Amino acid sequence: MISAAAGGVGHIECQLAHDAGATVIALGSPRNHDYLRQIGTLPVAYGEGEEDRIRQMAAGRAITAFIDNHGGGGAADLAKRLGVPSERLVTSEHRRDVELRFLRAPADDEEARDLLVMLAKAVQDRRVQVLISGFYPFEFIVDAYEDLAEMRSRGKVVIGMQTVETGARLDWYRSEKARDLRDRYGEQRGADTETMAGGSASPAS
């Protein structure tokens, strides 16, 4: 079981698990189910009744591990009801500790080096494909974080440190998704400003 399966971390976990021979049940929004099937998983929708849908998808097979990328306390309860051993539940909090350890790993840390080489080889061999859902030049880093805050991105949100285009053409260089997000937040901010001033926002002409 992998939750937030189409997200920046989840979609990579799904592919690694599938490549290792696991049958992966992927919790995700219905709009991501076609993509989740493409990477070899069995998608299940979030929400009321998800436990029953998971059991139906498992078709009587034991669920032996649960990776939770959502955070919060609900995953532990769901994993317990599904019969997953506690030591086979990995949460986003556990992953954060591992990420920090790898970021700080010295050059002679063989485990960190070997795992990173394995991941790079999996990408090189196209056994794992990293999906980019949005690209933002560094000048639009706030937009990128607003994108992440919506928790709806499929795959990775990338910030480019040295983009090809500069100046006025930077807005053109951003992805359509990035521009749409900026426009939506811009309209909302304008409405909020009007409300604070005691007026009402006028619809765009």
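Just so you know, the residues in each chain are numbered from 1, in the order the chain's sequence is written. Predicted model: local features are reported for residues with pLDDT of at least 70 only, side-chain atom pairs are reported and counted for 80 or more only, and whole-chain, interface and lining totals are derived from all residues. Heavy atoms from the whole structure form the basis of all side-chain values; hydrogens and water molecules are not counted.

1. With respect to helix 7 (residues 141-149)
Alright, step 1. Each residue is placed in one exposure class: buried if its accessible area under a 1.4 Å probe, protein chains only, is under 20% of its type's maximum, exposed if it is over 50%, and partly exposed if it falls in between. In this description a helix means any DSSP run of H or I spanning at least four residues, a strand means any run of E spanning at least two, and both kinds are numbered starting from the N terminus. Taken together, the buried positions of helix 7 are occupied by D143, A144, E146 and D147. For helix 7, the angular spread of the buried residues around the axis is 160 degrees, confining them to a single face. Across from the buried face of helix 7, at angles greater than 90 degrees, the exposed residues are V142, Y145 and A149. Regarding the arc, it is the one traced by the directions from the helix axis to the C-beta atoms.

2. Considerations on the environment of E13
Alright, step 1. Secondary-structure assignment places E13 in helix 1 (residues 10-19).
Alright, step 2. Spatially, the C-alpha atoms of E13 and I67 are 8.6 Å apart, while their sequence positions differ by 54 residues.
Alright, step 3. We call two residues contacting when some pair of their heavy atoms lies within 4.5 Å. When neighbours within four sequence positions are excluded, E13 is seen to be in contact with I2, I67, N69 and R95.

3. Observations concerning the pairing of strand 5 (residues 132-137)
Alright, step 1. Two strands make a pair as long as DSSP finds a minimum of two bridges between them. In terms of strand pairing, strand 5 meets strand 6 (residues 156-160) through five bridges, oriented parallel. The residue of strand 6 that forms the bridge with F135 is V158.
Alright, step 2. Considered for its hand, the β-α-β crossover made up of strand 5, helix 7 and strand 6 is right-handed. Here a crossover is taken to be right-handed if, once the strands point away from the viewer, the path from the first strand over the helix to the second is traced clockwise.

4. Section: the pattern of salt bridges
Alright, step 1. Between Lys or Arg on one side and Asp or Glu on the other, a salt bridge is scored when a side-chain nitrogen of the former is within 4 Å of a carboxyl oxygen of the latter. The final tally for this structure, using the stated rule, is nine salt bridges.
Alright, step 2. We note a salt bridge from D34 to R37, for which the minimum N-O separation is 2.9 Å. In this pair, D34 and R37 are both assigned in helix 2 (residues 33-38), three residues apart and thus about one turn of the helix distant.
Alright, step 3. On the accessibility criterion, R37 (48% relative accessible area) is partly exposed.
Alright, step 4. The salt bridge partner of R101 is D109, with a shortest N-O separation of 2.9 Å.
Alright, step 5. When its relative accessible area of 36% is taken as the criterion, R101 is described as partly exposed.
Alright, step 6. A relative accessible area of 15% means that D109 is categorised as buried.
Alright, step 7. Beyond isolated ion pairs, a larger network of salt bridges with shared partners links D19, K121, D125 and R127.

That is the geometry; function is a separate question.
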